[in-house]
Amino acid sequence: MRTILAFGAVLLTATAVSGQQQRDPNSRGGGQCADNVYNCADTPNPLPEAQTVWLEEMTWMDVRDAVAAGKTTVIIPTGGMEPNGPWLVTGKHNYVLRANCDAIARTLGNALCAPIVKLVPEGSIDPPSGHMTSPGTMSLRQETFEAMLTDIAHSLKMHGFENIIFIGDSGGNQGGQRTVAETLNARFGNEAMVGHVQSYYDYGSVGRYMATRGLEGGEGDGLHDDPVITLNMFYTDPSSVRYDERVAAGLAEINGVSIADRVASLDLAREIVAFRAGATAEAIQETIANGGTLPQPQRQGGAGRGGRGRAGGAGGQRPAPDPRTMGGGQCSANEYNCSDTPNPLPEATTPWLEEMTWMDVRDAIAAGKTTAIISTGGMEPNGPWLVTGKHNYVLRANCPAIARNLGNAICAPVLEYVPEGNIERQSGHMASAGTISLRQETFEAVLTDAAMSLKQHGFENIVFIGDSGGNQSGQEAVAERLNAAWGSEAGAHHIGEYYRRPANAPNVLQDQGVVSGESDGLHDSAGITMNMMVDDINSVRWAERVKTDQATINGVSIANLERSLELGRMLSEARAQWTSDLIRERIAARR
């Protein structure tokens, strides 16, 4: 296959339009309207209507057209990174929301989902309290969390969303969401409605409903886990509850309920998701009709509230604190809540913290995996073919490759929200639909809290890599401040060369005989397209482009899937190699 690639100082950065040019008010998509008609605000979308409800999986044109067609409700879901007993991964709430937000949006029919906010308040970071006493937990200070929610909601309002809804899958998220919703609702007036839907978090009603469907647990296992939340996660990904390993070990049970029958478990999981979607969609409609957040409902009990099961002990009385307690429950209630209990499952093979149990993280650190990578992506326009979550897809391919190359590293969840321009009096990418921006101070606060959380658990080196230009200065500033504060306790390292290829690094596509053609004038390139494809070919709308004879960029054909994926993997591995080499150098320089 003869391919053509534009290459330059930035290996994978999409073709940039000179910042010296006068900005055309009709320009969108990350480029200049004068350079390509697909950068113009009113150009029709060249691809079929997107079928996803996730903003991250849509192009800027998809978002523009969805809002114009009446999809003016957007849901901001918040999850968390916390311990959940020996079976469930730390990203439990994020897996639940992946199923539920999708179902809620489709039930409403006029709604979309913003990317899940994966970092939330989980307890004091230093000294640690709450879930922060367990490895793998990542916490935000309350003010950081509320600032991030504010910026996300404000960004979405600027793109024409009329109803902005917060749903939180964890108890600690509820107060901040309510506060931000009430503040913004008063601030926006008639321009947009912001509401917090507390009843989404009513796990008690889910448990009661599922009892009528035959799902009734026995005595609680005393873990931060229960059948409802396990099955809700199972719907998204059985590996998130370590299904195969548990079945093989004869451990596929929680609170007396077996999940070993895959078909029966999936049937129950579908019922849980459908019930939660229907109930929440109704509550969202009531919130919109009310013009804002409904009065706080009286808290009701029931199995499965917040996924905590009966970890609190008999009669709801918590026993005296035990220093060995970890995992989200009490050591006295179940040995799997004790800090020194061996992991009952095989060693985790994933490099992603979100895909590990708290025991997996504990054991990985003990085995020498003491480098943690915090990768930052973004939500921005990228021409007509690439989805707004471009940088996040690239990082989902590249961070694991870096971690494997290092051999002693793990990847924190990709930080999908970053600075993309001024939010009001829009500038930069904020001019294009689907962009979500953080203020610089919010971004740096999130980086700081994430890094401090990881350091608290024993990670000795915290590495920042950013896949977008606007992320670099904040990462560098935070790394400098953390190093000054930590001294010899731990190191923070900003690797700017991840984003900007070093002079001595290979130019993979050129070395493979790929030569550039004329630029299409889009915020896109063959290199970044192929890198995204390694994670998910749908992120570049590959099938639709091939079907409509649009599978080229800057003269490069991506129609040959096998070859494009091969080149994408080579690009990813090359970035991993030079980034890993630099990480090793920076760590050695601090010793």
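Preceding this paragraph is the structure being described.
Basis of the calculations
- Residues numbered from 1 in each chain as written.
- Predicted model: local features only at pLDDT ≥ 70, side-chain atom pairs only at ≥ 80, totals over all residues.
- Heavy atoms only, no water.
- Helix = DSSP H or I, 4+ residues; strand = E, 2+ residues; numbered from the N terminus.
- Buried < 20%, exposed > 50% of the residue type's maximum accessible area, 1.4 Å probe, protein only.
- Arc of directions from axis to C-beta.
- Contact = heavy atoms within 4.5 Å.
- Polar contact = N/O pair within 3.5 Å; in protein donor to acceptor, adjacent residues only side chain to side chain.
- Axes fitted to C-alpha atoms, helices over the stretch in contact; angles between N-to-C directions.
- Parallel < 35°, antiparallel > 145°, perpendicular 65-115°, else oblique.
- Left-handed = near helix turned anticlockwise from the far one by under 90°.

Concerning unusual backbone geometry
- Look at the link from Asp 126 to Pro 127: it is a cis peptide, with omega at 5°.
- For Pro 127, the location among the structural elements is in the loop between strand 2 (111–113) and helix 3 (142–158).
- The backbone of Arg 242 shows a phi angle near 50°, a positive value even though the residue is not glycine.
- Locating Arg 242 in the fold gives a position in the loop between helix 6 (227–236) and helix 7 (243–249).
- Positive phi outside glycine occurs at Arg 541, with the angle close to 55°.

Points about helix 5 (residues 203–212)
- The set of residues buried in helix 5 consists of Tyr 203, Gly 204, Val 206, Gly 207 and Met 210. What you see down the axis of helix 5 is that its buried residues fit within an arc of 160°, all on one side.
- Turning to helix 5, the residues buried within the fold contact helix 2 (92–108), helix 6 and helix 8 (262–290).
- One side-chain oxygen of the residue at the start of helix 5 lies 3.3 Å from the amide nitrogen of Gly 204, identifying that residue as Asp 202.
- Phi turns positive one or two residues past the end of helix 5, at Gly 214, with a value near 95°.

Here we look at the packing of helix 2 against helix 8
- Running from N to C, helix 2 and helix 8 cross one another at 55°; their axes reach a closest spacing of 8 Å. Here helix 8 runs oblique to helix 2, going by the angle between their axes. The chirality of how helix 2 crosses helix 8 is right-handed. Counted together, Val 96, Ala 99, Asn 100, Ala 103, Ile 104, Thr 107 and Leu 108 of helix 2 and Val 273, Arg 276, Ala 277, Thr 280, Ala 281, Ile 284 and Gln 285 of helix 8 form the full contact between these two elements.

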